[in-house]
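Observations on chain architecture
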Amino acid sequence: MAFTLMKLPFDMEALQPTLSKETLEFHYGKHHKTYVETANKLIVGTEFENASLEETVKRSSGKLFNNTAQIWNHDFYWNSLTPDAIGPGDKIGSALSQSFGSVKAFKKTFEETAVGNFGSGWTWLVQKPDGSLAIVNTQGAATPLTTDDKALLTCDVWEHAYYIDYRNARPKYLEGYWSIANWSFAESRLG
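Every value quoted in this text rests on a predicted model; they were computed, and no experiment measured them.

**Focus: the pairing of strand E2 (residues 133–139)**
- Within E2, 5 of the 7 residues are buried, which leaves the element mostly enclosed by the surrounding structure.
- Remark: 5 residues form the turn of the hairpin made by strand E1 (residues 121–127) and E2, two consecutive strands paired antiparallel; Gly-131 in that turn has positive phi of roughly 95°.

**Digging into the environment of Thr-146**
- If you trace the backbone, Thr-146 turns up in the loop between E2 and strand E3 (150–156).
- Remark: the alpha-carbon pair of Thr-146 and Val-57, spanning 89 residues in sequence, is separated by 7.4 Å.
- Within the structure, the side chain of Thr-146 is placed 3.0 Å from the backbone oxygen of Thr-143, a separation counted as a polar contact.

**Points about unusual backbone geometry**
- That bond from Gln-16 to Pro-17 is cis: its omega, 5°, falls within 30 degrees of zero.
- Considering the arrangement of structural elements, one finds Pro-17 in the segment before helix H1 (21–43).
- In this structure, Arg-167 takes a positive phi of about 55° despite not being glycine.
- With respect to the helices and strands, the residue Arg-167 is situated in the loop between helix H6 (163–166) and helix H7 (170–177).

**Some words on the nonpolar core**
- Grouped together as the largest cluster of nonpolar side chains are 59 residues, with contacts concentrated most on Leu-19, Trp-78, Leu-81, Leu-125, Tyr-173 and Trp-183.
- With 8 residues, helix H3 (residues 62–79) is the largest single contributor of residues to this core.
- In this structure Leu-125 touches Ile-92, Leu-96, Phe-100, Phe-106, Phe-110, Leu-133, Ala-134, Lys-150, Ala-151, Leu-152, Leu-153 and Trp-183, once residues within four positions along its chain are discounted.

**What to know about the pattern of salt bridges**
- A complete count under the given rule lists 6 salt bridges for this structure.
- In this structure, the salt-bridge partner of Glu-37 is Lys-33, at a minimum N-O distance of 3.2 Å. Note that Glu-37 and Lys-33 are positioned in helix H1 at a spacing of 4 residues, about one turn of the helix.
- You can call Glu-37 partly exposed: its relative accessible area is 37%.
- Relative accessible area serves as the criterion here: at 37%, Lys-33 is assigned to the partly exposed category.
- Residues participating in the shared-partner salt-bridge network are Glu-47, Glu-55 and Arg-59.

**Looking at the sheet that holds E3**
- The 3 strands lie next to each other as E2-E1-E3, forming an open sheet whose pairing is antiparallel. Each edge of the open sheet carries a strand with a single partner, namely E2 and E3. The average angle at which neighbouring strand axes cross in this sheet is 25°, direction not considered.
- Note that E1 and E3 share 6 bridges and pair antiparallel. Residue pairing across strands places Val-126 opposite Ala-151, the latter belonging to E3.
- Strands in contact with H3 are E1 and E3; relative to E3, the strand with the most contacts, it is inclined by about 85°.

**As for the side chain of His-32**
- Relative to the helices and strands, His-32 resides in helix H1.
- On the basis of relative accessible area, His-32 is assigned to the buried category, the value being 0%.
- Side-chain polar atoms of His-32 contact the side chain of Asp-75, separated by 3.1 Å.
- Setting aside its immediate chain neighbours within four residues, His-32 contacts Leu-5, Met-6, His-27, Ile-71, His-74, Asp-75 and Trp-78.

**Some thoughts on the side chain of Asn-117**
- Mapped onto the secondary structure, Asn-117 falls in the loop between helix H5 (103–115) and E1.
- A polar contact of 2.9 Å, which involves the side chain of Asn-117, links it to the backbone oxygen of Trp-122.
- Within the structure, Asn-117 has its side chain in polar contact with the side chain of Asn-137 (distance 3.2 Å).
- The residues touching Asn-117, leaving out its near neighbours within four places in the chain, are Trp-122, Thr-123, Asn-137, Thr-138, Gln-139, Val-157 and Arg-170.

What counts as what
- Residues numbered from 1 in each chain as written.
- Predicted model: local features only at pLDDT ≥ 70, side-chain atom pairs only at ≥ 80, totals over all residues.
- Heavy atoms only, no water.
- Buried < 20%, exposed > 50% of the residue type's maximum accessible area, 1.4 Å probe, protein only.
- Helix = DSSP H or I, 4+ residues; strand = E, 2+ residues; numbered from the N terminus.
- Pairing = 2+ DSSP bridges.
- Polar contact = N/O pair within 3.5 Å; in protein donor to acceptor, adjacent residues only side chain to side chain.
- Core = buried A, V, L, I, M, F, W, Y, C linked by side-chain atoms within 4.5 Å.
- Contact = heavy atoms within 4.5 Å.
- Salt bridge = Lys/Arg side-chain N within 4 Å of Asp/Glu carboxyl O.
- Axes fitted to C-alpha atoms, helices over the stretch in contact; angles between N-to-C directions.

Structure representation (structure tokens):
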């Protein structure tokens, strides 16, 4: 089963001015696409040739894991973004307040955690098995999919996600993130 490059849930220019069309052309059109192409080459003749993306991420290692996990992470990232951003709904807003004290406190902590995520990686809002919410940083291609945590929302903090628009100013990218965060998607995943 070949992996496919997901269709973006919005037009390339829809996230402007937070993320430019040029950023999406590189990030989605080159980086994400290359992970798909590379993974499809790597699975040929392996036990993963007919496996789902999720199964491959959970059971593979090395180069295959890196590429398939990056496919899954990027698919999740694009779904975590929307040009029609509104604030958190009642259900997730209440869960955020319960776990972090308030939505404002959550956003501040998320931004600080993402800015402090050393090197290349991801910052995630996850739901723990006990139902509580937490912020988790992962490095490289690491993903909550291989843990007991359930991903709700993510922000890509690899430089290719923001360098064209923000250069090395990751904090500015994180400030803008809330204007395109897809809270409806996050709430739909909340257990």
